[in-house]
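# Coordinates in review
The primary structure of each chain is shown beneath.
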Amino acid sequence: MAKEYLRTFRLYDFDEVEKHLLITGDLKGDCASCRALGIDFYTAGTCPECGTPFKYCASRRLEMNPGERFQWARRMQEKRPDLVLIDYSDYAKILGKKKAKDIFG
Ligand SMILES: [Zn+2]
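Figured I'd write up the structure that's included with this text. (Residues numbered from 1 in each chain as written. Predicted model: local features only at pLDDT ≥ 70, side-chain atom pairs only at ≥ 80, totals over all residues.)

### Comments concerning the overall build of the protein chain
Worth spelling out the cut-off: Numbering of helices and strands starts at the N terminus; helices are DSSP runs of H or I of at least 4 residues and strands are runs of E of at least 2. With C-alpha atoms as the basis for the radius of gyration, the globule rule is written as 2.2 Å multiplied by the number of residues raised to the power 0.38. Using C-beta atoms placed from the backbone, we call a residue buried if 20 or more other C-beta atoms fall within 10 Å of its own, exposed if 12 or fewer do, and partly exposed for counts in between. Note that contacts rest on C-beta atoms placed from the backbone: two residues are in contact if these are within 7 Å.
Broken down by element type, the protein chain carries three helices and four strands. Starting at the N terminus and walking to the C terminus, you meet the elements of the protein chain as α-β-β-β-α-β-α. Over its C-alpha atoms the protein chain spans a radius of gyration of 14 Å, differing by no more than 12% from the 13 Å that the globule rule assigns to 105 residues. For the protein chain, the spread of C-alpha atoms along the principal axes amounts to about 50 × 30 × 25 Å. Burial status across the protein chain gives 17% buried among its 105 residues. A separation threshold of at least 6 residues defines the contact pool for the protein chain, and within that pool the share at least 24 residues apart is 46%.

### Points about the pairing of strand E1 (residues 21–24)
Here is the rule: Any two strands with at least two DSSP bridges between them are considered paired.
Here E1 shows a buried face lined by Leu-21 and Ile-23 and a second buried face lined by Leu-22 and Thr-24. Pairing between E1 and strand E3 (residues 56–59): four bridges, direction parallel. Residue Ile-23 lies in a different strand from E3, and its bridge partner there is Ala-58. As defined by bridge partners, E1 adjoins strand E2 (residues 29–31) across three bridges and the pair is classed as antiparallel. Looking across to E2, one finds that Leu-22 is bridged to Cys-31. Hairpin geometry of E1 and E2 is characterised by an intervening segment of four residues between the two adjacent antiparallel strands.

What follows is the structure, encoded as C-alpha cells:
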C-alpha cells in the first residue's frame, strides 16, 4: 500500500516547540525563537543567530497556499527527516493566545 501523509494531533509542550521551531517561507526560513531570518531550511540544523537546535518545522506559506500542504510535507520529510512537521496555523493560534495571556493575564 502506498504511503500517504495524514495530519495528526498530539500533545506538545508548546514552549519547547516555540523554542525549537524552524518556520519555512518561500525560499528561506526563520527561527521562531529569536526571529532570525534568511535561514536555509533544507540544511540548517541549528539557528545561525541563537544556536538553538531545530526540532520542529512549520510552513507559513501554506496559510496562503493550503493546496501545497502535502508537497511541502513530502519535500521536508525527504530533506529533513530529523524535524517534526507541525501545522503553522495551529502554532500561530496558540502563540496568539499565549501572547494575549502574557499581556492581559
Ligand atoms: Zn534563532
